[in-house]
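# Working through the structure, step by step
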Amino acid sequence: MDGNNRWSKINGKNKYQSYTKGANNLLQLSNEIFLKTKVNNITAFALSANNLKRPKSIINSILKILDLNLDRALEKDINFSISIRGDLRFLDSEIKKKIQLLEQKKIDNNKKLIILLNYSGRQDIIDTSLKIINSKKKINLENFEANSILSGLSDPDLLIRTGGYQRISDFLLFNISFTELFFTKKLWPDLSYSDVLKIINKFNNIERKFGIW
């Protein structure tokens, strides 16, 4: 979900307005994708651990927008479940309560939006390894998948990076071994369903061999 800051400068909007548009776009896009395609899981990188090093004013704006959108999502009759994962210790108790309430809503729905906050792919590998070691189990693929932050979910089939940068930026480093990567110059607030559909159609035409001839 890259490009909110640049979008604000290009469009003459403040950071609060740009992040609000970005948050709204996530819910709107997820709704359309789940309704119109066979996609069952969407994982959104909303806030990286590195993002928390940004100026306090930006972090405060993000927290206000998170709080506002939690309220909106709790009021809406959404057609998918939402799970917010990551190191959530930086959030206050009120926001954590709202997250718990939201995660109970549509909990049995097989369409799932996973939002990663204060997340680091590197840290997830370290934390997962420590969990396995502390439980005195073998470090193997099965135990790693069971203890990682995306436990219970299959690895993503495709990844879309907005904003023009062609790098992963610490996102799901363990989980994207065979993921097809797509990069677009579109800034996140401008990404539309038609953009995503074009990428899905390109993905559907890829012959995926997973190392097998």
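Please refer to the structure placed before this passage.
The following refers to the structure shown.

The rules we used
The numbers attached to residues start from 1 for each chain and follow its sequence in the written order. Totals for whole chains, interfaces and linings use every residue, but because this is a predicted model, local features are given only for residues with pLDDT of at least 70 and side-chain atom pairs only at 80 or more, for both listing and counting. With hydrogens and water set aside, each side-chain value is computed from the structure's full complement of heavy atoms. Secondary structure elements are taken from DSSP: a helix is a run of H or I of four residues or more, a strand is a run of E of two residues or more, and numbering for both begins at the N terminus. This radius of gyration counts C-alpha atoms alone. The globule rule is 2.2 Å times how many residues there are, raised to the power 0.38. Only the protein chains shown count as cover for residues, and all accessible areas are computed by the Shrake-Rupley method using a 1.4 Å probe. Multiplying one less than the number of residues by 1.5 Å gives the expected span of a helix. Each residue gets one of three labels from its accessible area relative to the maximum for its type: buried under 20%, exposed over 50%, partly exposed in between, using a 1.4 Å probe on protein chains only. Directions are taken from the helix axis to each C-beta atom, and the arc is the one they span. Between two residues, a contact is recorded if the distance between any of their heavy atoms is within 4.5 Å. What makes a salt bridge here is a side-chain nitrogen of Lys or Arg within 4 Å of a carboxyl oxygen of Asp or Glu, nothing more. Pairing between two strands requires that DSSP report at least two bridges joining them. Under this scheme, a helix contributes an axis fitted over its contacting stretch, all axes are lines through C-alpha atoms, and angles between N-to-C directions fall in the 0 to 180 degree range. In this tally, Asp and Glu contribute negative charge and Lys and Arg positive charge; neither His nor the terminal groups of the chain are included.

### Some points on the overall build of the chain
- In terms of helices and strands, the chain carries seven helices and five strands.
- Ordered by position in the sequence, the α and β elements of the chain form the string α-α-β-α-β-α-β-α-α-β-β-α.
- Relative to the compact-globule value of 17 Å for 213 residues, the chain shows a C-alpha radius of gyration of 17 Å, a close match.
- For the chain, the C-alpha atoms occupy an extent of roughly 50 × 45 × 35 Å along the three principal directions.
- Element-wise, carbon and sulfur atoms account for 51% of the exposed surface of the chain, whose accessible area totals about 12600 Å².

### Let's talk about helix α7 (residues 193–204)
- When the terminal C-alpha atoms of α7 are compared, their 16 Å separation across 12 residues agrees well with the 16 Å that a helix rising 1.5 Å per residue should span.
- Along α7, the positions that sit buried rather than exposed are Tyr193, Asp195, Val196, Ile199, Ile200 and Phe203. Relative to the axis of α7, the buried residues are bounded by an arc of 155° and lie together on one face. Along α7, exposed side chains directed more than 90 degrees from the buried face belong to Lys198 and Lys202.
- Check the buried side of α7 and you find it contacts α2 (15–36), β4 (158–161) and β5 (180–183).

### Digging into the pattern of salt bridges
- Summed over all chains, the structure comprises nine salt bridges.
- What you see here is one network of salt bridges that share partners, running through Asp2, Arg6 and Arg161.

### With respect to the sheet that holds strand β2 (residues 81–86)
- Strand order in this open sheet of three strands is β1-β3-β2, and the pairing throughout is parallel. Looking at the sheet topology across the chains shown, the edges are occupied by β1 (41–48) and β2. For this sheet the average axis-to-axis angle between neighbouring strands, irrespective of direction, equals 20°.
- Note: β2 against strand β3 (residues 112–119), six bridges, orientation parallel. Each residue of the ladder has a partner; that of arginine 85, found in β3, is leucine 116.

### Some details on the side chain of aspartate 124
- Looking at the element boundaries, aspartate 124 is found in helix α5 (residues 121–134).
- This buried residue, aspartate 124, is left without a salt bridge; lysine 131 holds the nearest opposite charge, at 6.2 Å.
- In this structure, aspartate 124 is in contact with Tyr119, Ser148 and Ile149, ignoring residues within four places of it in sequence.

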